[in-house]
Number of protein chains: 2
Amino acid sequence: MDVKKAIDEKIEQMREEIIEFTSNLIKFPSEQGKEKNAQLFFADSLKKLGCQVDIFNPDAETLRKYEDLMITREDFCKSPDVVGLLKGTGGGKSIILNSHMDVVPAGDQDWKESPWSGKIENGKIFGRGTSDMKGGAAANFYALKAIIEAGIKLKGDVIVESVVDEETGGAGTAAALLRGYTAEAAIISEPTDMKVYPACMGSMWFRIKVKGKAAHGATAYMGVNAIEKAQIIYNALKKLEGVRKETKNHSLYSHLEIPFCINIGKFSGGNWPSSVPDEAVMEGRMGVSPDESISEARKELEDAVRDAAASDSWISKNPPKIEWFGSCWVGGAVSKDHPIVQNIVRNHFDVLRREPVVSGAPWATDAGVLIRYGNIPTVIYGPGIGSTAHQANEYILIEDVIKATKVISNSILDWCLYQN
Amino acid sequence: MDVKKAIDEKIEQMREEIIEFTSNLIKFPSEQGKEKNAQLFFADSLKKLGCQVDIFNPDAETLRKYEDLMITREDFCKSPDVVGLLKGTGGGKSIILNSHMDVVPAGDQDWKESPWSGKIENGKIFGRGTSDMKGGAAANFYALKAIIEAGIKLKGDVIVESVVDEETGGAGTAAALLRGYTAEAAIISEPTDMKVYPACMGSMWFRIKVKGKAAHGATAYMGVNAIEKAQIIYNALKKLEGVRKETKNHSLYSHLEIPFCINIGKFSGGNWPSSVPDEAVMEGRMGVSPDESISEARKELEDAVRDAAASDSWISKNPPKIEWFGSCWVGGAVSKDHPIVQNIVRNHFDVLRREPVVSGAPWATDAGVLIRYGNIPTVIYGPGIGSTAHQANEYILIEDVIKATKVISNSILDWCLYQN
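Residues numbered from 1 in each chain as written. Chains lettered and ligands numbered in written order. Predicted model: local features only at pLDDT ≥ 70, side-chain atom pairs only at ≥ 80, totals over all residues. Heavy atoms only, no water.

## A short note on the overall build of chain A
And step 1. Scanning chain A from terminus to terminus reveals 12 helices and 18 strands.
And step 2. The principal-axis extents of the C-alpha atoms in chain A amount to approximately 85 × 45 × 40 Å.
And step 3. Carbon and sulfur atoms form 48% of the exposed surface of chain A, whose accessible area is close to 16,100 Å². (Helix = DSSP H or I, 4+ residues; strand = E, 2+ residues; numbered from the N terminus. Areas by Shrake-Rupley, 256 points an atom, 1.4 Å probe, with all protein chains shown as cover.)

So, in structure tokens, the structure goes:
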């Protein structure tokens, strides 16, 4: 415990440096396709720490071997992954500390300061990506730096991954897997608000096109209104949601009324009040259990639409078209009793003097990629407030960054072990 | 009957002239707001015929006295009405021959020739407005010209109206009423395909906004999906349509499965697959019985929406907003036994040697304006194919124009009477 005390003190000594590092990361406007400069800065910091640093661009073509991985672009030339490896002395377990450098667009929202200000005020750091997730990246980095500066030799390897493309599906983390980086556990320091998430759900978008038959509105009965027929499909999806509520229960999601919702977020049909619409299009999101594969979930929805179609003579002759488009995040989970989870829980208690909430993440992260494609037990835990992410005036509490750094650093010690 | 024979022969002699006149009208691209040149050409033709000609611009402000009349623009400076008056010698009944010069936009549709070509080929004249309704305007004009050229002196007055703004609701015909033009009957030579329509239905557009409550799609149950709530309103409107099918039956519309449809032609809700939409908007058209006022019909729809809202706890607290926008055509009808109707029926039989179809018009025309606001018994009858109107490659059959000219000319003789 003296070693952990030394680590905590070291982190307190570096408090101003951690704040400045986080603020500096914010000053890079690392929206997707523009991550390079921020990544090179991170890589340079890892080099100074004594890590072996690997900088490489994801390759869309080879990433396609991962079934259901969402790849939304072909060109990663300005979006390198950065991996820093600190080899252990042997005899300990290896760990990945994962964060992503891409941020969602700042947008033309109502920002009080520039989204790239990195302004420090009242115990907060402001800017796009503070919570999601440059604060987490800083926590990972300083968790390792504190150990090194304290002169502690770890037995297991530490792999620090700063990836790209998390916000649209995980190509960056998958590319690091493809590159050969693996470990006996992983921590993703996403903004869980210091909750411990051993699971994240999957989700995906769908589009359903329902046909009608055009007619003039004065003799509307001569047509078939696609809006009306789409309602049949809508109702079938809500029924499926109810069935899945019973069949896809997951212990880490029991706190949610409906863990894996099916939401219709967009509906459009027709373009003229006095014409009968010959097409209606619904777009929505389907939540996927961490224990369920994307293809299993897709089949359930497709079957439900097919069954609903069979109940209606028009739709059965004009079957709806289902497209899986835009977004698809794979989910994944480990047991909450897994040692890496219990490691975080224990160190959280030691640092914060209270039990953390342990549950499933309410959103997708790269944990699904690491667990499903990499077979790496992964826990999501980090500083930052999920509700401020993706919003104007995003911020992070400095105190959370410091505490998360301590929890992660102590967890590394427990996991990788160290030489006395 | 010798007089009618003389008229028919005169019209046959003028066949080439009638074709050329119609084709020349097509060469004016008289879309709304651009009717002036076509109208001045028509006015000039009426002057040459010996009519007193009145050219005047509708005035949006004074037209507002007509309740429920749709006025979609403030500026009529390039859209004059033209009225030609041929005074009778006295002792006969007066008649209005009404047509409109505005045409719907040519659009960027797949026209084989220019929409303004007026091309004559294979017994047809082609171009925007041939059927709707410059062919009818030519029939009105030559019906009167044939009488004048045959040297016949009519006892009743003939008022030839070439109006603007029919396609968006009737401001032009209403302006002629306001100007003082009235008669004991009216013929509107819209493209009925030589059917006799003593009635036209009304119709109007509505927009209904249904509120929801936004939420993230992952926890969709925390929101209220406006698309789903809008379905309740949709179903209430279809139920109302069913009720009206029973209660608003009209003898001239008994051939239609549902005479006065309620059609939802446009539905849009939400803009993101993984968000719960907080608003859904439906736009539609409500058919109105010729015997029903616009305000009566509106009240029925508003009551139905209110009753549906009461059945749902969310909607009752967040009542849908109903807007009556865009289009509103008043309907109107005369008995099919009315003398002006029987006059047309008889002369149609004499010219074509077959009974005409007599029914209610499947669309709105200015007949509603003449009947409701002007109290003028009106029948709709003319050459041209309704199904080709508003489409690319619109055309009219020359033979129909000639026959309609004969029917209308003979009907004038029977109605206005003439000096032997």
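From this point on, the discussion continues.
## A look at the sheet that holds strand β11 (residues 262-269) of chain B
And step 1. Taken together, 8 strands build an open sheet; the order of strands is β14(A)-β9(A)-β13(A)-β11(A)-β11(B)-β13(B)-β9(B)-β14(B) and the sheet is antiparallel. The open sheet has two edge strands, β14 (321-329) of chain A together with β14 (321-329) of chain B, and neither has a second partner. Sheet twist, expressed as the mean angle between neighbouring strand axes with direction ignored, is 25°.
And step 2. Where strand β11 (residues 262-269) of chain A and β11(B) come together, 3 bridges link them in antiparallel fashion. Within β11(B), the residue paired with Phe267(A) across the bridge is Gly269(B).
And step 3. Across the sheet, helix α7 (residues 226-247) of chain A touches β9 (202-211), β11 and β13 (279-288) of chain A together with β11 of chain B, and the angle it forms with β13(A) is around 10°.
And step 4. In the packing of helix α8 (residues 294-310) of chain A onto the sheet, contacts are made with β9, β13 and β14 of chain A, and the angle to β14(A) comes to roughly 150°. (Pairing = 2+ DSSP bridges. Axes fitted to C-alpha atoms, helices over the stretch in contact; angles between N-to-C directions. Contact = heavy atoms within 4.5 Å.)

## Re the relation of the copies chain B and chain A
And step 1. Once turned by 179° and shifted 0.2 Å along the axis, chain B lies on chain A with an RMSD of 0.2 Å. Taken together, the turn and the small shift mark the pair as related by a two-fold rotation axis. It is Ser268(B) whose C-alpha, among those of chain B, lies nearest the rotation axis, at 2.2 Å.
And step 2. The fraction of interface residues of chain B whose copies in chain A are also interface residues reaches 100%, indicating that both copies meet through the same surface. (Least-squares fit on C-alpha atoms with pLDDT ≥ 70 in both.)

## Focus on the pairing of strand β3 (residues 95-100) of chain B
All names here are of chain B.
And step 1. Burial analysis of β3 places 6 of its 6 residues in the buried class, the great majority of the element.
And step 2. Neither face of β3 is exposed, since Ile-95, Leu-97 and Ser-99 on one face and Ile-96, Asn-98 and His-100 on the opposite face are all buried.
And step 3. Where β3 lies against strand β6 (residues 158-163), 6 bridges are found, and the strand directions are parallel. The partner of His-100 across the bridge, within β6, is Val-163.
And step 4. Bridge analysis of β3 against strand β7 (residues 186-188) gives 3 bridges, and the strand direction is parallel. Its bridge partner lying in β7, Asn-98 is registered against Ile-188. (Buried < 20%, exposed > 50% of the residue type's maximum accessible area, 1.4 Å probe, protein only.)

## A word on the pattern of salt bridges
Residue and element names in this part refer to chain B.
And step 1. Enumeration according to the criterion identifies 62 salt bridges over all chains in this entry.
And step 2. For the salt bridge of Arg-15 with Glu-12, the shortest nitrogen-to-oxygen distance reads 3.2 Å.
And step 3. Classification of Glu-12 as partly exposed rests on a relative accessible area of 33%.
And step 4. One salt bridge in this structure joins Lys-299 and Asp-303, with 2.8 Å as the shortest N-O distance. Of this pair, Lys-299 and Asp-303 both sit in helix α8 (residues 294-310), 4 residues apart, roughly one helical turn. (Salt bridge = Lys/Arg side-chain N within 4 Å of Asp/Glu carboxyl O.)

## Some details on the sheet that holds strand β5 (residues 124-126) of chain B
Residues and elements named next belong to chain B.
And step 1. If you trace the 3 strands from one edge of the open sheet to the other, you get β4-β5-β18, paired in antiparallel fashion. Strands at the two margins of the open sheet, each flanked by one partner only, are β4 (120-121) and β18 (395-397).
And step 2. When β4 meets β5, the two strands line up antiparallel, connected through 2 bridges. Pairing of Ile-120 across the sheet is with Ile-125, part of β5.
And step 3. Where helix α2 (residues 15-26) meets the sheet, it contacts β4 and β5, and its direction lies at approximately 15° from that of β5.
And step 4. The strands that helix α5 (residues 130-149) touches are β5 and β18; relative to β18, the one it contacts most, it runs at about 45°.

## Comments concerning unusual backbone geometry
And step 1. The step from Asp132(A) to Met133(A) runs through a cis peptide bond, and the omega angle for that step is -5°.
And step 2. Considering the arrangement of structural elements, one finds Met133(A) in helix α5 (residues 130-149).
And step 3. Positioned with a positive phi, Leu417(A) is a non-glycine residue whose angle comes to about 65°.
And step 4. Tracing the chain through its elements places Leu417(A) in the segment after α12 (398-416).
And step 5. Phi at Asn122(B) takes a positive value of approximately 50°, unusual for a residue other than glycine.

## Quick look at the interface of chain B and chain A
And step 1. Taken together, the contact pairs 39 residues of chain B with 39 residues of chain A.
And step 2. Buried surface at the junction of chain B and chain A, both sides included, amounts to about 3,200 Å², of which 58% is carbon and sulfur.
And step 3. Summed over the shared surface of chain B and chain A, the number is 0 salt bridges.
And step 4. Our count for the chain B to chain A interface comes out at 16 residue pairs in polar contact (both at pLDDT 80 or more).
And step 5. Listing elements by their share of the side of chain B that touches chain A, those giving two or more residues are α7 (226-247), β11, β12 (275-276) and β13 (279-288) of chain B.
And step 6. When residues of the side of chain B that touches chain A are assigned to their parent elements, the largest contribution, 7 residues, is made by β11(B).
And step 7. Across the side of chain B that touches chain A, the residue classes tally to 18 nonpolar, 15 polar and 6 charged. (Buried area = accessible area lost by both parts, 1.4 Å probe. Polar contact = N/O pair within 3.5 Å; in protein donor to acceptor, adjacent residues only side chain to side chain. Nonpolar A, V, L, I, M, F, W, Y, C, P; charged D, E, K, R; others polar.)

## Side note on the pairing of strand β8 (residues 196-200) of chain B
For a regular strand, the rule is simple: side chains alternate between the two faces of the sheet.
All names here are of chain B.
And step 1. Burial analysis of β8 places 5 of its 5 residues in the buried class, which makes it a mostly covered element.
And step 2. Strand direction decides the pairing type here: β8 and strand β15 (residues 332-333), joined by 2 bridges, are antiparallel. Bridging from a neighbouring strand, Cys-200 pairs with Gly-332 of β15.

## Some remarks on the packing of aromatic side chains
And step 1. On inspection of all chains with the given rule, the structure shows 31 aromatic pairs over all chains.
And step 2. Measuring from centroid to centroid gives 4.9 Å for Trp205(A) and Trp272(B), while their planes differ by 85°, and the two rings are edge-to-face. One end of the pair, Trp205(A), is in strand β9; the other, Trp272(B), is in the loop between β11 and β12, on a second chain.
And step 3. Residue class for Trp205(A) comes out buried when judged on its relative accessible area of 11%.
And step 4. For Trp272(B), a relative accessible area of 45% gives the class partly exposed.
And step 5. An aromatic cluster is present here, built from Phe21(A), Phe28(A), Phe41(A), Phe42(A), Phe141(A) and Tyr142(A) joined pairwise through their rings.
And step 6. Positioned over the ring face of Trp415(B) is Lys93(B), at 3.7 Å from the centre of the ring.
And step 7. Just above the ring of Phe325(B) sits the side chain of Arg207(B); from NZ or CZ to the centre is 3.8 Å. (Phe/Tyr/Trp six-rings, centres within 6.5 Å; stacked < 30°, edge-to-face > 60°. Lys NZ or Arg CZ within 6 Å of the ring centre and 35° of its normal.)

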